[in-house]
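# Summary of structural features
One-letter residues, chain by chain:
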Amino acid sequence: MAFVKLNDLEIEVEDGTNVVEAAREHGIEVPHYCYHSGLSRPANCRMCLVEPHVFFPPAGAIVPDRQLATGCTTVLRTAPPDRKLDGKYDFIVRTDSQRVQKARADILEFLLVHHPLDCPVCDQAGECDLQDYSHRHGYDKSRYLEVKNVPPKKDLGPDVLLYATRCVVCTRCIRFADEVSGTGELGLVHRGSHDEIDIPRSHEGVPLQLLDNKLAGNVVDICPVGALISKDFLFKSRPWFLEKANSVCSGCSVGCNITVEYKADGLYRIKPRFHEDINQHWMCDDGRLGYHYVNSDDRLQLPLKRVDDELTPTHWADALSVITERLSEIETEDIVVIGSAQGTNEDNYVLQQFAHDVLKTTQLGLFGQLLGEEHKFPQFTIEADKNPNTAGARTILGSANGNVVLEGDALWEKVSGAKVVYLVSGGSERPLEDAEKAALESVDFLIVQDILPSEVTQLADVVLPGTTFAEKDGTFTNSTGWVQRIRKAIDPPGEARVDWEITQQLAKQLGGEMNYHFAGEIALAIAENVPGYSDTSHQKIGDTGIKLAGSDQ
Amino acid sequence: MVQERRILYEHLDVPDINTFDVFRQYDGYTRFEKAIAEYQPDDVAKMVMDSGLKGRGGAGFSTGLKWSFVPKDIKPCYLCCNADESEPGTFSNRYVLEKNPHLLIEGILICCYAMGIETTYVYIRGEFTLGKKMLDAAIKEAYEKGYLGKDIRGTGLNVDIYSHPGAGAYICGEETGLIESLEGKRGQPRNKPPFPAVEGVFGKPTVVQNVETLCNLPFIIGNGVEWYTQMGPTYADTRANPPTPDPNTGTKLYCISGDVNEPGVYELDLGLTCSELIEVAGGLRGEEVKAVIPGGSSAPILTHYELDTRLDFTSLTLAKSMLGSGGIIVMNETRNIVDCLLNIMKFYAHESCGQCTPCRWGTPWVRDIVQRIADGNGRKDTMTRPKFGVAENGRWGDTGETEEIYEDLDLLESVANNIANVDTMTWNTICVFGIAVSWPAVSYMRKFRPEFEATIQEGKLVTLPVAEATVSPEENYAYQQRFVPKEFADL
Ligand SMILES: Cc1cc2nc3c(=O)[nH]c(=O)nc-3n(C[C@H](O)[C@H](O)[C@H](O)COP(=O)(O)O)c2cc1C
Ligand code: SF4
Ligand code: SF4
Ligand code: SF4
Ligand code: FES
């Protein structure tokens, strides 16, 4: 620990912390552009200048003014006993001196020299470091009278546009592509005040390589200004109109922490949220841009039942009574209950309780997205398991006495010829393989709980409209044993209902004694009954998650 | 009349001195042989330290001291010879490369021996095609004669030299920009520390040395420290406490251009005055000296009051200027200082590497302001600001009074100072290119303020007579004194 005098505070910081971070921990802003804790530190923007006091001049010496230092590269360390300042400090630094304030304002003045000041039409307005720092640290008028540079707007790749006029040349985007994705599509062209971010191009300007990798969207997040813009979000909303919910991506078993940004009419964008051990600052574009199905007009909004071989809309009471009628007719042995790796731990817990306690069956199955591709980058991996909760669903479905959880071929064998199958799908448009299709076709009475019409719902006798990750609370357990919370952002469309609520309703109608009121209550039951999950109440999980004891990775 | 003292350039004009055999006839490589025969590597390093040799590339940093910063236990260690000579007004390295490349190789060998270096890169300015050709031929010959390569002359010493052409960027002369460029990256200076001596080429300790600096080594070894230190003045170093001798030893290859009758490179002892130098270069062309740039285009300008200033590292530092690369540009009464500044600012705006904010966008801004003034579009609006000038203590400072100044001149000064502040000698940039921009900008404007004011006033370039173009000698003098204790001012 280094003992540091920061402005008028005396603070202890871990050795190796830089001034920007040390100050941030104590609520002091040191404005910065090029510094990003997930990237290397070129110290090129010069925004983070601070005034260090590092030595005592010999008495009477004529000491010129000290250089200001960049806070991002000024690292605080314990000094040897004979090098303590004022006899006790390892470092003394001011972030609020007049010189620092002037230097900041001067740098901001330079940053705005060529800036088009087009905030009214810029997507970043409202969450722009240039706006915010100018407001807090800058001058209120410009002294620049000369002609501004107007570099062209560029299309860099499938989702990323460059409004080059707004670029502050902090090179965060370049370093991301070099260091995190390792794809290196970005670089600087030209020199000096004509510096421009670009992709490789021929002399005629034809792109030779696009910013087209599965992590590309992160450059939009880390661009401190409105230079890199996501086409997906372009002109859709002012950021301050968006509500935010902390959640977890449902795109694969990594379980990236995210912020779901939404309005009443649906999701607007997904942004990664920092988690040191899981996704750091990043997320992939599959997860980022894959949310559109949530907003889809095709979403199942009413229960459907098969009438004359056609799925026709009906109301909940009718759909549920059709099911309970059928279920009460048959033997326990003939029922297979299938949970989903897309569903939350809470959904699956209620489902297994329903199977075990009400239907008295121990035959459960686990359904989910098909195995996809793994993508490895120098500092990030997208996993092949495209379900967010395989680990959790597997454990929880199998948590009651005697439960058997079947997967893959064994499951489809079981399903073949079954009288009744209750399949909670919960995934988006999952295609079926031939064997799966054949098995499901052979089922007498197929109940499917899903969110979108799909090959699975086409085979169903009753379809119950469920909910996506954005419409419910709950927890997912990722591949490394982190149990993390998802939070309800928007209401489900039409009459769609939260999955565990549907299951609980069925249970109640069949005489079951379940009576959960909210997901957190189920989590407490999980904590009580599922081995390993004893710590996972929603309160304890909070925003950072809890790592299951015994999960080593 | 001052005479040239040719040491580095002594045999420059000998026919075929660029060939091994002729170079050998003139003591070629004997100094290197003397070094390995008579001295241990540490002795050589000590001789260089004792000689007081200062880097000739610009910063004037003590070569021996620089060597002492190199960690001994990290290998490999590299030598980078900086032959990117691109400072406007500077052209002395070029002659060595083109005419006497074996001298450089001998210097490199001595440095390599002293520092235990086996690999040297010579980074040659891309435009020096002839220089590179001659050096490459000399390197080839030296390999053939067994002065480069493995087990040199049976001593067990291995030295390889690679020459590497630059691609036309001034900033690649800055030592860390050079290293980045050498490594195949964009020529952008690095943040320091770490300095190259600790972390340079490929992350290894690296000695970066100018061509002229290295060419001094054979003579220090050949003739001894005592002989070497007799050339040039020695001052008390006012920056040290207590003052220590600040040596300005040896000769300097002064590149004299501009309004003199015989421009060219002159090798002279350090410490001659401006006027003496002009005499050596055939005298002034024209009636009167209006200004002298003493150390390449980035050096603060000297007025006709300052012609007695000695052209050595210490004296020029005390005069708030610098010897820099030794490129001396003399201007007579016909020159317009606004126009000169414009010329220089165009160069810097073009050459900024663009890495850091103040320099990337400040340098072209300064250029544009000067351009506007030179075009006659300087704003005639004035503003009131605190008057800096000769303060009560006789030094530059806030006089407590206010002054009227043209807004554009205040703007010019302020923008330049925001890149790198010439008054406090602090910069907000990554490299000292920032200082190289604001030094001329601020010094030209302050010292020749009447000419700038007349140009704005008349709405066209106005060249004032020499006596009227500059501020008063007192103001000029005070301007120099900002950080120098008065006791030392009379050196
Ligand atoms: C903008 C800039 C340009 C420079 N250009 C050169 C150059 O062209 N040649 C050179 O030898 N040194 C140049 N230098 C100085 C080098 O950074 C470095 O100090 C020098 O090569 C060290 O060698 P020396 O100690 O032998 O002088 C330049 C420095 C700066 C800041
Ligand atoms: S585009 Fe954005 S991230 Fe990239 S250099 Fe410009 S401002 Fe920085
Ligand atoms: S890596 Fe997986 S969890 Fe992370 S954003 Fe992509 S799909 Fe979502
Ligand atoms: S001061 Fe100028 S030349 Fe030096 S690193 Fe910054 S932008 Fe590049
Ligand atoms: S954040 Fe420190 S220099 Fe950019």
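No experiment lies behind these values; they were computed from the predicted model shown.

### So, the overall build of chain A
Looking only at helices and strands, one finds 16 helices and 28 strands in chain A. C-alpha extents for chain A along the principal axes are approximately 100 × 60 × 35 Å. Every one of the 553 residues in chain A was classed for burial, and the buried ones make up 57%. Contacts spanning at least 24 positions in sequence make up 68% of the contacts within chain A whose residues lie at least 6 apart.

### Re the side chain of Ser163(B)
Position of Ser163(B) relative to the elements: it lies in strand β4 (residues 157–165). Within the local environment of Ser163(B), its side chain forms a polar contact with the side chain of Asp136(B), the two groups lying 2.5 Å apart.

### Looking at the domain arrangement of chain B
Residue and element names in this part refer to chain B. Examined at the domain level, chain B breaks down into domain 1 (20–230), domain 2 (250–332) and domain 3 (337–488). The distance between the C-alpha centroids of domain 1 and domain 2 comes to 26 Å. Contacts between domain 1 and domain 2 engage 16 residues on the former and 22 residues on the latter. Across the domain 1 to domain 2 interface the summed buried area is about 1400 Å²; carbon plus sulfur atoms make up 57%. Of all residues in domain 1, the largest losses of buried area upon contact with domain 2 belong to Arg56, Glu87 and Phe91, amounting jointly to 33% of the total for that side. Linking domain 1 to domain 2 there are one salt bridge. Here Lys252 ties to Glu212 by a salt bridge, and the two come within 2.9 Å at their closest N and O atoms.

### A look at the pattern of salt bridges
The final tally for this structure, using the stated rule, is 71 salt bridges over all chains. One salt bridge in this structure joins Asp106(A) and Lys102(A), with 2.7 Å as the shortest N-O distance. With a gap of four residues between them, Asp106(A) and Lys102(A) both fall in helix α2 (residues 98–112), about one helical turn apart. Residue class for Lys102(A) comes out partly exposed when judged on its relative accessible area of 43%. Among the ionic pairs, Asp136(B) bridges to Lys132(B), the shortest N-O distance being 2.8 Å. Here Asp136(B) and its partner Lys132(B) are both found in helix α7 (residues 129–144), four residues apart, which amounts to about one turn of the helix. A cluster of three or more residues bridged by salt bridges with shared partners is formed by Arg385(B), Glu403(B), Asp410(B), Glu413(B), Asp423(B), Arg446(B), Arg449(B) and Glu453(B).

### Quick look at the interface of chain B and chain A
At the junction of the two partners, chain B supplies 38 residues and chain A supplies 39 residues. Taken together, the two surfaces of chain B and chain A that pack against each other cover about 3100 Å², and 52% of this comes from carbon and sulfur. Considering only the side of chain B, the residues that lose the most area to chain A are Trp361(B), Trp365(B) and Asn428(B), jointly responsible for 24% of the buried surface there. On inspection of chain B and its partner chain A, the count reaches three salt bridges. Between Arg186(B) and Asp195(A) there is a salt bridge, with its nearest N and O atoms 2.9 Å apart. Taken together, chain B and chain A are joined by 18 residue pairs in polar contact (both at pLDDT 80 or more). Among the elements of the structure, α12 (337–351), α13 (357–374), α14 (407–419) and β16 (426–427) of chain B are those that each provide at least two residues to the side of chain B that touches chain A. In terms of residues, the side of chain B that touches chain A owes the most to one element, α13(B), which gives ten residues. Looking at side-chain class alone, the side of chain B that touches chain A contains 16 nonpolar, 16 polar and six charged residues.

### Considering the nonpolar core
Nonpolar side chains in soluble globular proteins tend to be buried together. With 72 residues, the main nonpolar core has Tyr33(A), Leu111(A), Leu186(A), Val219(A), Leu228(A), Leu267(A) and Phe469(A) as its most contacted residues. Considering each element in turn, this core owes the most residues, five residues, to α2(A). What Leu186(A) contacts, discounting residues up to four positions off in sequence, is Leu156(A), Cys173(A), Ile174(A), Ala177(A), Ile197(A), Asp198(A), Ile199(A), Leu211(A) and Val219(A). By size, the runner-up hydrophobic cluster in this structure holds 68 residues, among which are Leu178(B), Ile301(B), Ala416(B) and Cys431(B).

### Some details on α13(B)
Every α-helix carries 3.6 residues per turn, so stepping three or four residues along brings you back to the same face. All names here are of chain B. The terminal C-alpha atoms of α13 lie 26 Å apart, and with 18 residues this matches the ideal 26 Å at 1.5 Å per residue to within 8%. Where burial is concerned, most of α13 is hidden: 16 out of the 18 residues are buried. Of the residues one or two after α13, Gly376 is the one with positive phi, at around 90°.

### A look at the site of ligand 3
Around ligand 3 lies a shell formed by Cys249(A), Gly251(A), Cys252(A), Val254(A), Gly255(A), Cys256(A), Met283(A), Cys284(A), Gly287(A), Phe380(A) and Ile382(A). A breakdown of the residues in the shell around ligand 3 according to their chemical character gives eight nonpolar, three polar and no charged.

### Brief notes about the environment of Gln209(A)
Residues and elements named next belong to chain A. Residue placement: Gln209 occurs in the loop between β11 (196–198) and α5 (218–222). A residue is classified by how much of its surface remains accessible, and Gln209, at 32% relative accessible area, is partly exposed. C-alpha separation for the pair Gln209 and Asp178, spaced 31 residues apart in sequence, amounts to 14 Å. Those residues in contact with Gln209 that sit more than four places away from it in its chain are Thr183, Gly184, Glu185, Ile199 and Pro200.

### Thoughts on helix α4 (residues 172–180) of chain A
Residue and element names in this part refer to chain A. Of all nine residues in α4, seven are buried; the element is thus mostly enclosed. Residues of α4 that are buried: Arg172, Cys173, Ile174, Arg175, Phe176, Ala177 and Val180. Against the buried residues of α4 lie β10 (187–189), β11, α5, β12 (228–230) and β20 (375–377). Within two residues after α4, Gly182 carries a phi angle of roughly 65°, on the positive side.

Criteria and thresholds
Residues numbered from 1 in each chain as written. Chains lettered and ligands numbered in written order. Predicted model: local features only at pLDDT ≥ 70, side-chain atom pairs only at ≥ 80, totals over all residues. Heavy atoms only, no water. Helix = DSSP H or I, 4+ residues; strand = E, 2+ residues; numbered from the N terminus. Buried < 20%, exposed > 50% of the residue type's maximum accessible area, 1.4 Å probe, protein only. Contact = heavy atoms within 4.5 Å. Polar contact = N/O pair within 3.5 Å; in protein donor to acceptor, adjacent residues only side chain to side chain. Domains from an automatic or database assignment. Buried area = accessible area lost by both parts, 1.4 Å probe. Salt bridge = Lys/Arg side-chain N within 4 Å of Asp/Glu carboxyl O. Nonpolar A, V, L, I, M, F, W, Y, C, P; charged D, E, K, R; others polar. Core = buried A, V, L, I, M, F, W, Y, C linked by side-chain atoms within 4.5 Å. Expected span 1.5 Å × (residues − 1). Near = heavy atom within 4 Å.

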